[in-house]
Amino acid sequence: MEKIFTIKSNSTFTRMYRSKSSPQGTVVVYVRRNPNLKKAHIGITASKKQGGAVERNRVRRIIREAYRTLVLEGTGINDMPYYFVFVARTKCFSKNIRMQNVYNDMKRALVELGILGNTK
RNA sequence: UGACCGAGUCGGACGGUUGCGCAGUGACGCCGAAAGGCUAUCUGUGAGGAAAGUCCGGGCUCCGUAUGGCAAGGAUAGCAGAUAACGUCUGCCGAAGGCGACUUCAGGGACAGUGCAACAGAAAUAAACCGCCGACCUUUGUCGGUAAGGAUGGAAAGGCGAGGUAAGAGCUCACCGGCGUGACGGAGACGCCACGGCCAUGUAAACCCUAUCCGGAGCAACACCGCAAGAGGCGGAGCGAAAGCUCCAUAUCCGCCUGAUAAGACCUCGAAGGUGGCAUGAAGCGUCGGGCGAUCGGCGCUCAAGAUAGAUAAUCGUACAAAGGGUUCGCCCUUGGACAAAACCCGGCUUAUAGAUUCGGUCAUAAC
RNA sequence: GGAGACAUACCCAAGUUGGCCGAAGGGGCUCCCCUGCUAAGGGAGUAGAUCGGGAGUAACCGGUGCGAGAGUUCAAAUCUCUCUGUCUCCG
């Protein structure tokens, strides 16, 4: 299994919020290219205003699972020299949200941003 | 059977597949000359009763020796006990509520002092507006006595009745309430009895008084690596031939005092990042004994998360709750699992919480 | 994770030794003047939230309201406790 790297510095996050973005129903995806990277680095944001710790943890896990599914499909996304930040929107905190919903939104956003080719 | 009261337990279950954190194992794989390192694999383990709010208490760490002194500030408030400690808990006392099981109470002091009591009312801690009574007077009235009555107010000078009086008044008396003194019971809060005099509103979650307790900051504490560079400091006065001594200032260092330390291959500060702190503890479970109980003691067994942008998810199946709808009352369909997730660790408190379940008790009704 | 501060009308806010307080003041709003018409400026004025009564609408009357709920007190925006929300600081 490929290791998923995470963004750790707050300054990276704030720089990302000024980058190219693609808002979808459940998540907003921010992208920035960094040639020094060997693998993709991702960051997940779930605001405290949207819910308590239980809800925020669940949203974070679902987003990570969606990204993992994307990697396992062989898109090669994890080997690209990019930073990705996924921001959970209010819709994402609703109780009946499924991983598939987030996965579809994420894929559509990445296609819009030109990271993934429109395979289908 | 119905309506309640008290104490406790659980708080989604079982299984399959794909994955995550930590610990161990660790290749015949990869890196390396080697020592060794990394990884696959496999094994174990992985959120709560409140993990929450951060409201108290303690451990631990540093600050200055931490029960040095003073000042300031804060906390608590029936009595006795439990405890490492507490503002917590237990038992008892008192008050209030309930037919009852039982529940609730920041429950010291207002004869140490100060403040406040708006409006209304004549008057708010001090009293004469009306009224009542007496005297004077030609009438409106003036002077005096009086707190029983009126009116105001949350509160009007203990309550109520009788005697008494010009009218009245604890002025006197009975009962009740409060206060003081004494005897008895109790470990004590207090209870009970007798006597005394007749008093002196409320507010201390106003200042305050009394008693007891509290040094400050917090794991983003703190220690080490990074560490070498870098920044800052090494002052002034007096005595002395010099070494050195004394005083002041400065810094460590925080309200003050007292006290300690400080400078040459010296002292202080010191970023990102990393390691430790960090999981054996006032620990849990079982059992025996002491105690009404909180809880304490003995013995045996167990080791049960440790992340750091932060580990428990996704999906499928089986039953089981819950909600909505349909129904031929057999059941079927749909939705979908209360409150909420560790971040140094413990003891409490408070707040949120669908539902399931155990034990003990009270009242009412019916039957025997 | 830890430490603190704040909350008053649509907005900014004054008021906290408890009392004539449901609210000073400003913005805003309405009307008038000015202007060819606006803006700016000048002048005047109103209600202030919500529930009930009353009602065509309003005036009017009553209750509750200073983030929410309890408590102390005769009386709470003010004092005490518990919750809710917003903001700040510490690496």
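Residues numbered from 1 in each chain as written. Chains lettered and ligands numbered in written order. Predicted model: local features only at pLDDT ≥ 70, side-chain atom pairs only at ≥ 80, totals over all residues. Heavy atoms only, no water.

Engineer: Is there a simple way to think about the packing of aromatic side chains in this case?
Structural biologist: Any two aromatic rings considered together are summarised by their centre-to-centre distance and by the angle between their planes. Using the criterion set out here, one finds 3 aromatic pairs in the structure. Judged by centre distance (6.1 Å) and plane angle (55°), the ring pair of Y67 and F86 falls under tilted. Separated by 19 residues along the polypeptide, Y67 in helix α2 (residues 53–72) and F86 in strand β5 (residues 82–88) bring together distant segments of the chain. Accessibility classification places Y67 together with F86 in one group, the buried group. (Phe/Tyr/Trp six-rings, centres within 6.5 Å; stacked < 30°, edge-to-face > 60°. Helix = DSSP H or I, 4+ residues; strand = E, 2+ residues; numbered from the N terminus. Buried < 20%, exposed > 50% of the residue type's maximum accessible area, 1.4 Å probe, protein only.)

Engineer: What's the story with the protein's contact with RNA strand B in this structure? I'm lost.
Structural biologist: In the neighbourhood of RNA strand B, 19 residues make up the surrounding shell, with I7, K8, R58, R60 and R61 lying closest. Among the atoms of RNA strand B close to the protein, meaning within 4 Å, 64% are from sugar or phosphate groups. Take R58: an N or O atom from its side chain is 2.5 Å from a phosphate oxygen of RNA strand B. Looking at the surface near RNA strand B, the elements that each hand over two or more residues are α1 (10–16) and α2. For the surface near RNA strand B, the leading source of residues is α2, giving 8 residues. The class makeup of the residues in the surface near RNA strand B is 6 nonpolar, 6 polar and 7 charged. (Near = heavy atom within 4 Å. Polar contact = N/O pair within 3.5 Å; in protein donor to acceptor, adjacent residues only side chain to side chain. Nonpolar A, V, L, I, M, F, W, Y, C, P; charged D, E, K, R; others polar.)

Engineer: Is there a simple way to think about the pairing of strand β2 (residues 20–23) in this case?
Structural biologist: Consecutive side chains of a regular strand alternate in pointing toward one face of the sheet and then the other. When β2 meets strand β3 (residues 27–33), the two strands line up antiparallel, connected through 4 bridges. Counterpart to S21 in the pairing with β3 is Y30. Hairpin connection of β2 to β3: 3 residues between the antiparallel strands. (Pairing = 2+ DSSP bridges.)

Engineer: Would you mind going over the nonpolar core with me for this structure?
Structural biologist: Ranked by size, the top nonpolar core spans 30 residues in total, and within it F84, M106 and L110 carry the most contacts. Of all elements in the fold, only β3, α2, β5 and α3 (99–112) reach the threshold of two or more residues within this core. By residue number, the principal contributor to this core is α2, which donates 7 residues. Here F84 is in contact with I7, M16, Y30, V31, A40, H41, I42, G43, I77, L110 and I115, once residues within four sequence places are set aside. The next biggest cluster of nonpolar side chains, apart from the first, holds 9 residues, and it includes I7, V28, Y30 and Y83. (Core = buried A, V, L, I, M, F, W, Y, C linked by side-chain atoms within 4.5 Å. Contact = heavy atoms within 4.5 Å.)

Engineer: Any chance you could explain the pairing of β3 here in plain terms?
Structural biologist: Within β3, 5 of the 7 residues are buried, leaving the element largely enclosed by the surrounding structure. Bridge count between β3 and β5: 7 bridges; the pairing is antiparallel. Residue pairing across strands places V31 opposite F84, the latter belonging to β5.

Engineer: Looking at this model, I keep getting lost on the sheet that holds strand β4 (residues 41–45). Mind explaining?
Structural biologist: Within a sheet, adjacent strands bond to each other through the backbone by hydrogen bonds, running parallel or antiparallel. Judged by pairing direction, the sheet is mixed, and its 5 strands sit side by side in the order β1-β4-β5-β3-β2 without closing on themselves. Unpaired on one side and paired on the other, β1 (5–6) and β2 mark the two borders of the sheet. Most of the contacts of α3 go to β3, to which it runs at about 40°, and overall it touches β2, β3 and β5. (Axes fitted to C-alpha atoms, helices over the stretch in contact; angles between N-to-C directions.)

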